[in-house]
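# Per-entry structural report
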Amino acid sequence: MNDQVQPIFILPEGSSRNTGKLAQKANIAAAKAISDTVRTTLGPKGMDKMLVSANNDVTITNDGVTILDEMQIEHPAAKMIVEVAKVQEEEVGDGTTTAVVIAGELLHASESLLDKNIHPTVIADGYKLAAQRAQSILQAIGMDIDITNKLTLKNIAMTAMTGKNVEWAKGKLAEIAVKAVLHVAENNKVDMDNIKIEKKEGGGSADTELIDGVVLDKERIHSDMPKRVANAKIALLDTAIEVKNTEIEAKIQITDPNQLQAFLDSEEKTLKAYVDAISNAGASVVFCSKGIDDLAQHFLAQKGIYTVRRVTQSDIIKLSKATGSKIVSKINEIKPTDLGKSGLVEEKKLGDENMTYVTKCLNPKAVTAIIRGGTAHVVDEVERALKDAIGDLSAALSNGKCVAGGGAVEVELAKELRKYADSLSGREQLAVQAFAEALEMIPRTLAENAGLDPIDMLTALKAEHDSGKKWSGLNVFSGQAQDMWQAGVIEPLKIKTQAIQSATEAAILILRIDDIISSGKSNQQQMHPQGMPPGMM
Ligand code: ADP
Ligand code: MG
């Protein structure tokens, strides 16, 4: 008898497999690598990253989701962490770094539990319990907010933009964000579609302004058209004012010159009929999402209709909301009731380009923030900061609650979770404690990034919280523990609830994997033996 067991191959050649602890460790290491990458950017004193894309575009930012987006991460578990940032971005618009750091830390903490031979399922259950309890603690400690709390709103906007490379214009930008949000808010709900952001290089970021209405980065198409139309009746077209329809490509054979003239005449007639239909409906302004034939431009100018072409789809939708216009796709069928209204449509110069301002709209809810800045990089960073601020304000109002930042809320949560852990049995207790510790990574990191001693700071904060100061957090500028509510470091509760929810879900998902089978087909995705793609090492 042959004692030697023949190996059985069940996977194609070139594929690799990691099982059990090895698989878990590889995934945890990858997740941790991601969170370590963005960790250094957390908080007002966080550093920036310079991201250079394949075609050498440079982005300088400390925005978590932007960094991870540009990094083109390959590792599957790492990608799941990136997903956490994306969900956070979509749901709240801020707190992406926080969410990723918590996810990474939950996994890191689970490593020592795995080493103690606690089964991943038990850890997952413990984390779930802790997350549930964290949510109810957050609801209990959150402070109420509504549109009347102007100062708190401004503080939320300021906090959102702290450390975002826009320090010099922060006050002004915070005011714009609050104004924009209060302008469009209805029953504490903010429809973000009503806030348009238009970027224009030039000027300084302090020249950023809020316009009551919709501003388009487009000029009128013919110099004979009026520059200014009061009491405008607005038509929105999502079809070209052209004869040839790109969808039906026709071929015309002409055998004698008269036929050509007849053909051109009929083309002219059709275009004239289009413009007449628009004019007969009563339109004095046309926004068209497609192209407009030269001849039609001429007819429109003759009729004195202010016309803009190639307006983006999203602007057409914004204009429709702001002016009450219906979007027309058959020009011949346009009716007076399809038209919308605005008090004034005019072309104005911004920098050295002409823009179209649609103001005094039928629906006064629409606003446009025009972002200015010396270079494209500055403009982009101002946009990200403003979007964070607007997102935070909208989250605070729609959820109606906010908390103090600077690590205050995380230390308070950790304290309460430890109390809760005491009521649980052995193994789950350890998991809940690990969860509490993972949350403390936020104040630790804030301290580290500010060049302070994380252990000293955390000890000081814990002592303050034990004595009942629930908003005591880290003032990264003075290096002292301080009441963060009084210091005006305020964030919407939603940042924290969302971050904890998605971080926990991702951590649990990754924890439960005990087998990584990767096909060897694509060289790019080939794993390093440690489970990390070569670029991550
Ligand atoms: P994220 O992507 O998670 O929003 P940020 O870089 O914006 O990351 O940092 C957010 C963290 O910085 C939060 O924990 C917030 O409480 C904290 N923070 C903001 N402003 C201050 C401040 N003035 N002092 C201390 N901490 C602050
Ligand atoms: Mg932030």
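Keep in mind the model is a prediction, meaning the values are calculated, not measured. Counting restarts for each chain: residues are numbered from 1 in the order of the written sequence. To label them, take the chains in the order written and letter them from A, then take the ligands in the order written and number them from 1. This being a predicted model, a pLDDT of at least 70 is required before a residue's local features are given, and a value of 80 or more before pairs of side-chain atoms are given or counted; all residues contribute to the totals for chains, interfaces and linings. To obtain the side-chain values, all non-hydrogen atoms of the structure were included, while hydrogens and water were left out.

## With respect to the overall build of the protein
On a plain count of helices and strands, the protein comes out with 16 helices and 19 strands. By its C-alpha atoms, the protein is 95 × 75 × 35 Å across when sized along the principal axes. For the exposure calls, accessible area comes from a 1.4 Å probe over protein chains only, and a residue counts as buried if that area is under 20% of its type's maximum, exposed if over 50%, partly exposed in between. Residue burial in the protein is summarised as follows: out of 537 residues, 51% are buried. Restricting the contact set of the protein to residue pairs at least 6 apart, pairs at least 24 apart contribute 75%. Only the protein chains shown count as cover for residues, and all accessible areas are computed by the Shrake-Rupley method using a 1.4 Å probe. With an accessible surface of roughly 25200 Å², the protein has 49% of that area assigned to carbon and sulfur atoms. Put simply, DSSP H or I for four residues or longer makes a helix, DSSP E for two residues or longer makes a strand, and each gets a number counted from the N terminus. Note on definitions: a residue-residue contact is assigned when non-hydrogen atoms from the two residues lie within 4.5 Å.

## Quick word on helix α2 (residues 64-71)
When we look at burial in α2, the residues that qualify are Gly-64, Val-65, Thr-66, Ile-67 and Leu-68. Looking at the buried residues of α2, the elements they touch are α1 (20-39), β2 (49-52), β3 (58-61), α3 (76-91), α4 (96-115) and α11 (376-399). In the segment just after α2, Gln-72 is the residue with positive phi, at about 50 degrees.

## Description of the pairing of strand β14 (residues 367-373)
Looking along a regular strand, one sees side chains alternate from face to face of the sheet. With seven of seven residues buried, β14 lies mostly within the body of the structure. Neither face of β14 is left uncovered, since the one carrying Val-367, Ala-369, Ile-371 and Gly-373 and the one carrying Thr-368, Ile-370 and Arg-372 both have all their residues buried. The pairing criterion is simple: DSSP has to find at least two bridges between the two strands. Here strand β5 (residues 195-201) runs beside β14; their pairing, made up of seven bridges, is parallel. The partner of Lys-196 across the bridge, within β14, is Thr-368.

## Things to note about the sheet that holds strand β18 (residues 490-492)
Taken together, the three strands give an open sheet; going across it, the order is β4-β15-β18, and neighbouring strands pair in antiparallel fashion. Of all strands in the sheet, those bounded by a partner on one side alone are β4 (143-144) and β18. Taken together, the two bridges between β4 and strand β15 (residues 401-404) define a ladder with antiparallel strand orientation. Within β15, the residue paired with Asp-144 across the bridge is Lys-401.

## So, the domain arrangement of the protein
When cut into domains, the protein gives domain 1 (17-144 + 403-518), domain 2 (146-211 + 365-399) and domain 3 (214-363). Taking only C-alpha atoms, the centre of domain 1 and the centre of domain 3 are 52 Å apart. Marked domain ranges trace back to an automatic or database domain assignment.

## A look at the sheet that holds β5
Spatially, the three strands line up as an open sheet ordered β5-β14-β6, and their pairing is mixed. Edge positions in the open sheet fall to β5 and β6 (209-211), since each of these has one partner strand only. With strand direction ignored, the average angle separating the axes of adjacent strands in the sheet is 25 degrees. Examined bridge by bridge, β6 and β14 share three bridges and lie antiparallel to one another. Bridge pairing in β14 places Leu-210 opposite Ala-369. Angles here are taken between N-to-C directions and fall from 0 to 180 degrees, while the axes themselves are lines fitted to C-alpha atoms, restricted in helices to the stretch in contact. Sitting on the sheet, α11 touches β5 and β14, and the angle it makes with β5 is about 165 degrees.

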